[in-house]
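Here is what each chain is made of, one letter per residue.
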Amino acid sequence: MELYMSLAIGIIFAVGIYQILSKSLLRIILGTSLLTHGVHLLLLTMSRLKTGAAPLLGEEASSYVDPVPQALILTSIVISFGVTSFFFVLAYKAYQRLGTDNMEELRGKYDE
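Residues numbered from 1 in each chain as written. Predicted model: local features only at pLDDT ≥ 70, side-chain atom pairs only at ≥ 80, totals over all residues. Heavy atoms only, no water.

- In the nomenclature of an unreviewed UniProt entry, the chain corresponds to Cation:proton antiporter from the organism Paenibacillus solani.
- Heading Sequence similarities (unreviewed entry) of the UniProt record for the chain holds this comment: "Belongs to the CPA3 antiporters (TC 2.A.63) subunit C family."
- We quote the UniProt Subcellular location (unreviewed entry) comment for the chain here in full: "Cell membrane". (UniProt positions renumbered as here; feature names shortened; annotations may be inferred.)

**A look at the UniProt feature "transmembrane region" (unreviewed entry) in the chain**
Step number 1: The sites that UniProt annotates as "transmembrane region" (unreviewed entry) are residues 6–21 and 69–92.
Step number 2: Between the end C-alpha atoms of residues 6–21 the distance is 23 Å, and the span holds 94% helix and 0% strand.
Step number 3: Secondary structure content for residues 69–92 is 100% helix and 0% strand, while the C-alpha to C-alpha distance between its ends is 34 Å. (Helix = DSSP H or I, 4+ residues; strand = E, 2+ residues; numbered from the N terminus.)

**Describing helix α3 (residues 67–98)**
Step number 1: The terminal C-alpha atoms of α3 lie 46 Å apart, and with 32 residues this matches the ideal 46 Å at 1.5 Å per residue to within 8%.
Step number 2: Among the residues making up α3, those that are buried are P69, I73, S80, T84 and A91.
Step number 3: At the exit of α3 stands G99, carrying a positive phi of roughly 80°. (Expected span 1.5 Å × (residues − 1). Buried < 20%, exposed > 50% of the residue type's maximum accessible area, 1.4 Å probe, protein only.)

Written as structure tokens, this is what we have:
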């Protein structure tokens, strides 16, 4: 199962980097969002995909699942959602003011 997850993570990273290298500001934002989701899957895979019971004190089980990686990933999802929504608002305001989302045009002209 870890092999399939590793392949999926590699594909998500490749698509995210491809999106970041484009000229459109919205594609760059979606690329960073894909990269954060790839990191979430990477953290989950690195903590080993285990099956077991929740670590509750009163229950007996043969194996338990470690809740720390899941808590870290949940926190990271909330933070990445906030950052992505901020990037979308920033891109919308830049589009309203400048009329384009092309990064080459947003960079400005150099005086030669």
